[in-house]
Amino acid sequence: MKIACFHVIGSLCLWLCFTGTFAQNPLIMDQFTADPSARVFKDRVYMYPSHDENCGTDWFCMKDYHVFSSQNLTDWTDHGVIISQGTVPWVDSTFNSLWAPDCIKKDSLYYFYFPAITRNQSKRRMPQIGVAVSNYPYGPFKPEPEPMNGVFGIDPNPFIDKDGQAYLYWAAHRCLYMARLKENMKELASEPKEVKNLPSGFKEGPYLFERNGSYYFSFPHVIKKTEAIVYAIGKNPMGPFEYKGIIMDESPTGCWTNHHSILEYQGHWYLFYHHNDLSPDFDKNRSVRADSLFFNEDGTIQKVIPTLRGVGLTSAMQKIQIDRFSKISDKGTLIRFLDEQNKMDGWKTILNVKGAWIQYNSVDFGDQKVKSANIKIISEKTGHIELRIDDVEGPVVAHIKITQDEDWHIINSALDIVPAGIHDLVVVQESDVPVEIDWIRFE
Ligand code: FUB
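Note that the structure is a prediction, hence the values are computed from the model and not measured.

Calculation rules
- Each chain carries its own residue numbering, running from 1 in the direction its sequence is written.
- With pLDDT at 70 or above as the cut-off, local features in this predicted model cover only qualifying residues; side-chain atom pairs require 80 or more to be listed or tallied, and sums for whole chains, interfaces and linings still use all residues.
- Side-chain descriptors were evaluated using all non-hydrogen atoms of the structure, hydrogens and water having been removed beforehand.
- A pair of cysteine sulfur atoms is labelled a disulfide when the two atoms are within 2.5 Å.
- Type-normalised accessible area, obtained with a 1.4 Å probe on protein chains alone, sets the label of each residue: buried when under 20%, exposed when over 50%, and partly exposed for intermediate values.
- One bridge is not enough; two strands pair if DSSP finds at least two bridges between them.
- By definition, any uninterrupted DSSP run of H or I lasting at least four residues is a helix, any uninterrupted run of E lasting at least two residues is a strand, and each is numbered from the N terminus.
- Centres within 6.5 Å make a pair out of two Phe, Tyr or Trp rings, where for Trp the six-membered ring is used; the pair is then stacked when the planes are under 30 degrees apart, edge-to-face when over 60, and tilted otherwise.
- Distance and angle both matter: a charge sits over a ring if NZ of Lys or CZ of Arg is within 6 Å of the ring centre and within 35 degrees of the ring normal.
- Under this definition, polar contacts are N or O atom pairs within 3.5 Å; protein pairs additionally need one hydrogen-donor-capable and one acceptor-capable atom, and for neighbouring residues in sequence, both atoms have to be side-chain atoms.
- A contact between two residues is defined here by any heavy atoms of the two lying within 4.5 Å.
- Any carboxyl oxygen of Asp or Glu that lies within 4 Å of a side-chain nitrogen of Lys or Arg is treated as forming a salt bridge with it.
- Angular values range over 0 to 180 degrees, each being the angle between N-to-C directions of two axes fitted as lines to C-alpha atoms, with helices fitted over their stretch in contact.
- Whether a residue is near a molecule or strand depends on its heavy atoms: it is near if one of them lies within 4 Å of it.
- Note that accessible areas follow from Shrake-Rupley with a 1.4 Å probe, and for residues the cover is restricted to the protein chains shown.
- Each residue is assigned to one class: nonpolar for Ala, Val, Leu, Ile, Met, Phe, Trp, Tyr, Cys and Pro, charged for Asp, Glu, Lys and Arg, and polar for all the others, Gly among them.

Novice: Got a sec to walk through the state of the cysteines? Specific residues and values, please.
Specialist: Using the criterion set out here, one finds one disulfide in the structure. Here Cys55 pairs with Cys61 through a disulfide, and the sulfurs are 1.9 Å apart. Judged by the sign of its S-S torsion, about -60°, the cystine formed by Cys55 and Cys61 is left-handed. Here Cys55 falls in the partly exposed class, since its relative accessible area comes to 32%. With no disulfide of its own, Cys255 lies 16 Å from the sulfur of Cys61, the closest cysteine sulfur.

Novice: Please set out the sheet that holds strand E11 (residues 175-181) residue by residue, giving values where relevant.
Specialist: Strand order in the open sheet formed by four strands is E9-E10-E11-E12, and the pairing between neighbours is antiparallel. At either end of the open sheet lies a strand with only one pairing partner, and these are strand E9 (154-160) and strand E12 (193-194).

Novice: Which residues make up unusual backbone geometry, and what values do they have?
Specialist: Cis geometry marks the peptide bond from Asn25 to Pro26; its omega dihedral reads 0°. Within the secondary structure layout, Pro26 lies in the segment before strand E1 (34-41). Note the cis peptide between Gly239 and Pro240, where omega equals 5°. Of note in the backbone geometry, Asp35 takes a positive phi value of approximately 50° without being a glycine.

Novice: Before we move on, could you go through the packing of aromatic side chains and cite the residues and values that matter?
Specialist: According to the stated counting rule, one finds 29 aromatic pairs in the structure shown. Between Tyr48 and Phe112, the ring centres sit 5.9 Å apart and the planes meet at 50°, which makes this aromatic pair tilted. Remark: Phe112 occurs in strand E6 (residues 109-117) and Tyr48 occurs in strand E2 (residues 44-50); sequence separation between them is 64 residues. Of the two residues examined, Tyr48 and Phe112, each falls in the buried class. Ring geometry for Phe337 against Trp347: centres 5.2 Å apart, planes inclined by 25°, an arrangement best described as stacked. One end of the pair, Phe337, is in strand E22 (residues 333-337); the other, Trp347, is in strand E23 (residues 347-351), with ten residues separating them in the sequence. By way of ring pairs, the aromatic residues Phe41, Tyr46, Tyr48, Tyr65, Trp90, Tyr110, Phe112, Phe114 and Phe141 are connected into one cluster. The ring of Phe295 carries the charged tip of Arg211 above its face, separated from the ring centre by 3.8 Å.

Novice: Can you lay out the side chain of Ser261 for me, pointing to particular residues and giving the numbers?
Specialist: For Ser261, the location among the structural elements is in strand E17 (residues 261-265). Engagement of the side chain of Ser261 in a polar contact is seen with the backbone nitrogen of Ala38, the distance being 2.9 Å. Excluding anything up to four places from it in sequence, Ser261 contacts Pro36, Ser37, Ala38, Tyr207, Tyr270, Leu271 and Phe272.

Novice: Now, about the pattern of salt bridges: what can you tell me, with residues and values included?
Specialist: Summed over the entire model, instances satisfying the criterion amount to 19 salt bridges. A salt bridge links Lys196 to Glu194; its shortest N-O distance comes to 3.6 Å. On the accessibility criterion, Lys196 (53% relative accessible area) is exposed. Overall, the relative accessible area of 27% leaves Glu194 in the partly exposed class.

Novice: Can you explain the pairing of E6? Please cite residues and give values.
Specialist: Of all nine residues in E6, eight are buried, a share of seventy percent or more. Where strand E5 (residues 102-106) lies against E6, five bridges are found, and the strand directions are antiparallel. When the bridges of E6 are listed, Asp102 appears paired with Tyr113. Counting the residues in the hairpin turn of E5 and E6 gives two residues, including Asp107, whose phi is positive at 55°.

Novice: Tell me what's going on with the sheet that holds strand E19 (residues 287-293), and back it up with residues and numbers.
Specialist: Strand order in the open sheet formed by three strands is E17-E18-E19, and the pairing between neighbours is antiparallel. Two strands in the sheet have a free side with no partner beyond their single neighbour: E17 and E19. Strand-to-strand twist of the sheet, defined as the mean angle between neighbouring strand axes without regard to direction, takes the value 30°.

Novice: Give me the site of the ligand: which residues, what numbers.
Specialist: Around the ligand, a shell composed of Asp35, Phe60, Met62, Trp99, Ala100, Asp155, Glu204, Thr257, His259, His274 and Arg286 is seen. A distance of 3.4 Å separates an oxygen atom of the ligand from a polar backbone atom of Ala100. Between His259 and the ligand, the recorded distance is 2.7 Å, taken from a side-chain N or O atom to an oxygen atom. Considering the ligand on its own, with 270 Å² of exposed area, one finds that the protein chains cover 99% of that surface. For the shell around the ligand, the per-class residue count stands at four nonpolar, three polar and four charged.

In structure tokens, the structure reads:
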């Protein structure tokens, strides 16, 4: 799972970057990304994440922002850097403090909101929130010379209601705040007001959206040890909001932060969030993910269970990274990094014993065009695996003889049956010979 990217010339990068093919979680594999604010602009999803780096300290290091976009939630284009701390007049770039951003369109302009530590503060080092404006969702964005007046804090989230009134939500002092925005989207039209009646405890990263006349106010909240994502519902963008519960439990991998956005795209709802998939030992280097989100009939939100498979279809003719599985056998299947020293190379699947299996859902085989399967594999002995569809007991698509080779090699095998349309793919170990699989691709 690698991405190639041409050189990006500052914020002038428009469509210069190669389109990667990442159907799975995490969505971006060539850099650390966090705090995804996903928006639909002109039938395309644009994702504005923070950009984590490892600067050798034990804290966040965030110097710039990229924007990514996708039409199918599978293939993501990196449009390059849209804002860099050194080019924003009011930002103190010794702090590497470009935390969670968001973007919204009003009339024909795109307003990008971002927090940072400002220059010219005497003692207080409280971040402020600034705005940058563009004619396009992918930039170039022109930052305002000064941060917004009176907005001290992080994690800005703009919202425009159906009547055209705009609002800004943000986090400060472990609490959440809101205010109306002026027509120009750059100034507050009302005094900041704390969002009340929320559960006690650390809160940040607010995200407000409207559905069927209800205003969903969602936010990361430390209930036990780390951040869960929770929500409240109100009848007005300024509340009051009634607390409703958890959208996503705290990270099973121990990532302390989570930060999200929720959007409807082509009739489906999605939760964008982050975990620390590519940096299991340092949770300040995070990676964005997406999973489907569903509502109950009464408008409440069903809990989202994080998956590796993520969202979107994977073409059978792309490299199918089966380690981003949907289901896995109870015994005999392991997932490991391909190279512990280069984690961005991704993962491999190890099928250790006969009967071990792994399932990868929603593979698009198209219109009966595929004739054979390529599998990138390592095996110390000869053996057999089967490719099945739909289920571990489903029809056998290919019975593949594994040749012995301790180096990665590609085996090509003709198909016994030629699937068409969308199927779940299952790889089943048919011998007691351990095999390591990087990817499978049909042709
Ligand atoms: O990315 C830095 C900070 O971590 C964000 O601003 C918070 O929401 C948390 O995700």
